[in-house]
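Chain by chain, the residues:
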Amino acid sequence: MVSHLAPEVRGSRLQGKLFRVVLAAVVVSVALGSRVLASPQFALEPWQGGPKPAWTLDVLDGEKLTLEGYLGKPVIVHFFATWCEPCVEELGSLERLTNRKYSGLAILAIDVGEIDARVRNFLRKHPVNFPVLLDRDRAVTKTWQVTALPTSFVLACGLTPVLHVRGDIAWDSAEVATTLDQAIQTPAEGQPACNQQREESE
Amino acid sequence: MTSRREFLAGTAAFSAAALMLPNVARAEVKFDPQPGKWRIFSITTRIELADAGKAAHVWVPLPSLTEDAWIVPEGDEWSSNAASAEIITDPKYGAKLLRANFAVGNEPGVIEVRSRIRTQDRGAPFGGTRAAASLSDSERQLFLEPTELMPTDGIVKETADKITGGAGDEVARARAIYDWIVENCHRDKSVRGCGTGDVASMLESGNLGGKCADLNALYVALARASGLPARDVYGLRVAPSRFGYKSLGAGSENVTKAQHCRAEVYLTGYGWVAVDPADVRKVMLEEPPADNPIDAPVVVAAREKLFGAWEGNWLAYNTAHDLVLPGSQHKVAFLMYPQAEVGGELLDPLDPDTFKYTITSAEIAS
């Protein structure tokens, strides 16, 4: 298990304007003695580790979904469980985030280690419009070194993590919106925006 | 939500408060389990599957733990329209279960399993002769190792070291962890069933609420991280408390929702010692008049005894973790509820709309 007190430090291959925008925000924020996003307890932190491994998971009551299929889009990968009390409210904020129509932003929620029936019942009460995937044997959770729920990663268009948060945050808050606006909608100098990359790659 | 550090910081103050409790208050309530009177119970689990159109499998936990001092299983029998049924023993933990297989047919699957057990109270072992059998190397290793939801390194080890100070004898360390759970965790009524036991998430999030599978799993993980062999014991309350504690017994013969897991810690010379901090927090939250402070006599009396003793109105199924259901690809973190798989999908044992079963308990005159 990796303690949050001992963050991973590995070589990274972060690329593009998305990372530079986020990094600039981080630098300013660190200089001011605060974390990237103000939150009562948890906040998005710059990701200090390297890339995360690709995965393919079953969508609840659907086909398989591959992370690599989202290459060219910014993605929020969100790990949760139905028993996790803070996860319930956070899923609601992620759902509201989808209504803000960020260009090209994808949200992928991964339920950790629960049976299909329990997740299905949960989503009847708390419906969401983004894919909910099932990490039934916790294999992805382990390879991504997720040790607490909820945990979320914001991936740049190359599917490399640039931000992460271990704990629940309000994804539809003004602070998060500002950062996501900058990260997602500001094209890099000489580079197309993520969603444009995606369109061209298709 | 309170942060983990705030919880840790608060421990010392709570401990000091507990030490100042007036003795007069403790004498008003009696909770004093003592061995000496064996009781025999018959437990009947009846499962009725709703869908006959798909092949199905059912797994029913059976009393597996034999400890001559407090619990002896006396046999299992069953009746069913299953195509086949057999008792299977998990090779790692020795957990016994009945697996029944139902073919596609005209009648929905039904199975009724009756288990008979003999049980008695456990009294605190401290102060007597220290002559318990030693733990074998393989058992010691098994009950020190991490499980999928109970890591023993990282934040768990860090927390255990802060609690015990890394010093003290085995009894002192085991007691310190017990007191820390009682003083820092809480019972959360909104948690489904008995909880999940995701210890790392509890510590990292600082949300130390849960039920028995959470709080007592946290005890076990912290004890293991401190070098003390420990185990969760998953079971079922089968009778009311003889000491008048409504929160520590079954409310009726229908014990379908009376699952309760406890903990044991192995202490040199004393053997496996009963530990149940989750029940202390249950008394605080639920024992009438409810929302009792930690220094309420009814809480103090239970707290004094539930490190070392517990009442024999409860049966133990097993101590297994991360159990792959035999004949299935599905794995459960622990086996305390009946499980069923229909058409390849595991049903939710906590959802009575899709998985119907009842468990009843009857005391048999010995």
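Thresholds applied
Residues numbered from 1 in each chain as written. Chains lettered and ligands numbered in written order. Predicted model: local features only at pLDDT ≥ 70, side-chain atom pairs only at ≥ 80, totals over all residues. Heavy atoms only, no water. Core = buried A, V, L, I, M, F, W, Y, C linked by side-chain atoms within 4.5 Å. Buried < 20%, exposed > 50% of the residue type's maximum accessible area, 1.4 Å probe, protein only. Helix = DSSP H or I, 4+ residues; strand = E, 2+ residues; numbered from the N terminus. Domains from an automatic or database assignment. Contact = heavy atoms within 4.5 Å. Disulfide = S-S within 2.5 Å. Pairing = 2+ DSSP bridges. Axes fitted to C-alpha atoms, helices over the stretch in contact; angles between N-to-C directions. Buried area = accessible area lost by both parts, 1.4 Å probe. Salt bridge = Lys/Arg side-chain N within 4 Å of Asp/Glu carboxyl O. Polar contact = N/O pair within 3.5 Å; in protein donor to acceptor, adjacent residues only side chain to side chain. Nonpolar A, V, L, I, M, F, W, Y, C, P; charged D, E, K, R; others polar.

Q: Sorry, what's going on with the nonpolar core here?
A: A general feature of soluble globular proteins is that nonpolar side chains tend to end up buried together. Core analysis: the biggest nonpolar cluster contains 93 residues, and Leu-218, Tyr-219 and Val-265 of chain B have the highest contact counts within it. Looking at which element gives the most residues to this core, the answer is helix 7 (residues 212–225) of chain B, with 11 residues. Lining this core are residues from two domains, each supplying at least three of them: domain 1 (2–120 + 321–364) and domain 2 (137–317) of chain B. Residues Ile-107, Val-132, Val-154 and Leu-159 of chain A belong to the second largest nonpolar core, which totals 52 residues.

Q: What should I look at first to understand the environment of Leu-60 of chain A in this one?
A: All names here are of chain A. Among the structural elements, Leu-60 can be located in the loop between strand 2 (56–59) and strand 3 (64–66). For the pair formed by Leu-60 and Asp-116, sequence separation is 56 residues and the distance between their alpha carbons is 6.9 Å. Beyond its immediate stretch of four places on either side in the chain, Leu-60 contacts Asp-116, Val-119, Arg-120, Leu-123, Val-132 and Leu-134.

Q: Where do I start with the state of the cysteines in this structure?
A: Throughout this description, disulfide means a covalent bond between two cysteine sulfur atoms. In total, this model carries 1 disulfide over all chains according to the counting rule given. Cys-84 of chain A shares a disulfide with Cys-87 of chain A; S-S distance 2.2 Å. Between Cys-84 of chain A and Cys-87 of chain A the sulfur-sulfur dihedral comes to about 80 degrees; the bridge is accordingly right-handed. Residue classification places Cys-84 of chain A among the buried residues on the basis of a relative accessible area of 2%. A residue is classified by how much of its surface remains accessible, and Cys-87 of chain A, at 0% relative accessible area, is buried. Looking at Cys-212 of chain B, it has no disulfide partner, and the nearest cysteine sulfur is the one in Cys-194 of chain B, 3.5 Å off.

Q: I'm lost on the sheet that holds strand 3 of chain A in this one. Help?
A: The strands that make up a sheet pair up through hydrogen bonds in the backbone, lying either parallel or antiparallel. Residues and elements named next belong to chain A. Read across the open sheet, the 8 strands follow the order 1-8-7-4-5-6-2-3; overall the sheet is mixed. Edge positions in the open sheet fall to strand 1 (45–46) and strand 3, since each of these has one partner strand only. The pairing of strand 7 (residues 151–155) with strand 8 (residues 161–166) spans 5 bridges and is classified as antiparallel. By the bridge assignment for strand 8, Thr-151 is matched with Arg-166. Across the face of the sheet, helix 3 (residues 116–125) comes into contact with strand 4 (75–80), strand 5 (106–112) and strand 6 (132–135) while running at roughly 155 degrees to strand 6.

Q: How do you make sense of the domain arrangement of chain B when you look at a structure like this?
A: The extent of an interface is frequently quoted as the accessible surface area lost upon association of the parts. Residues and elements named next belong to chain B. Under the domain assignment used here, chain B contains domain 1 (2–120 + 321–364) and domain 2 (137–317). Relative placement of domain 1 and domain 2: their C-alpha centres are 17 Å apart. The interface of domain 1 with domain 2 comprises 50 residues on the first partner and 65 residues on the second. Buried area between domain 1 and domain 2, summed over both chains or domains, comes out near 5,000 Å², and the portion from carbon and sulfur atoms is 63%. There are 5 salt bridges connecting domain 1 and domain 2. Inspection of the region where domain 1 meets domain 2 yields 14 residue pairs in polar contact (both at pLDDT 80 or more). Listing elements by their share of the side of domain 1 that touches domain 2, those giving two or more residues are helix 1 (4–19), helix 2 (23–26), strand 1 (39–48), strand 2 (56–62), strand 6 (110–119) and strand 18 (356–364). A total of 7 residues in the side of domain 1 that touches domain 2 trace back to one element, the largest contributor, which is helix 1. Of the residues in the side of domain 1 that touches domain 2, the class split is 27 nonpolar, 11 polar and 12 charged.

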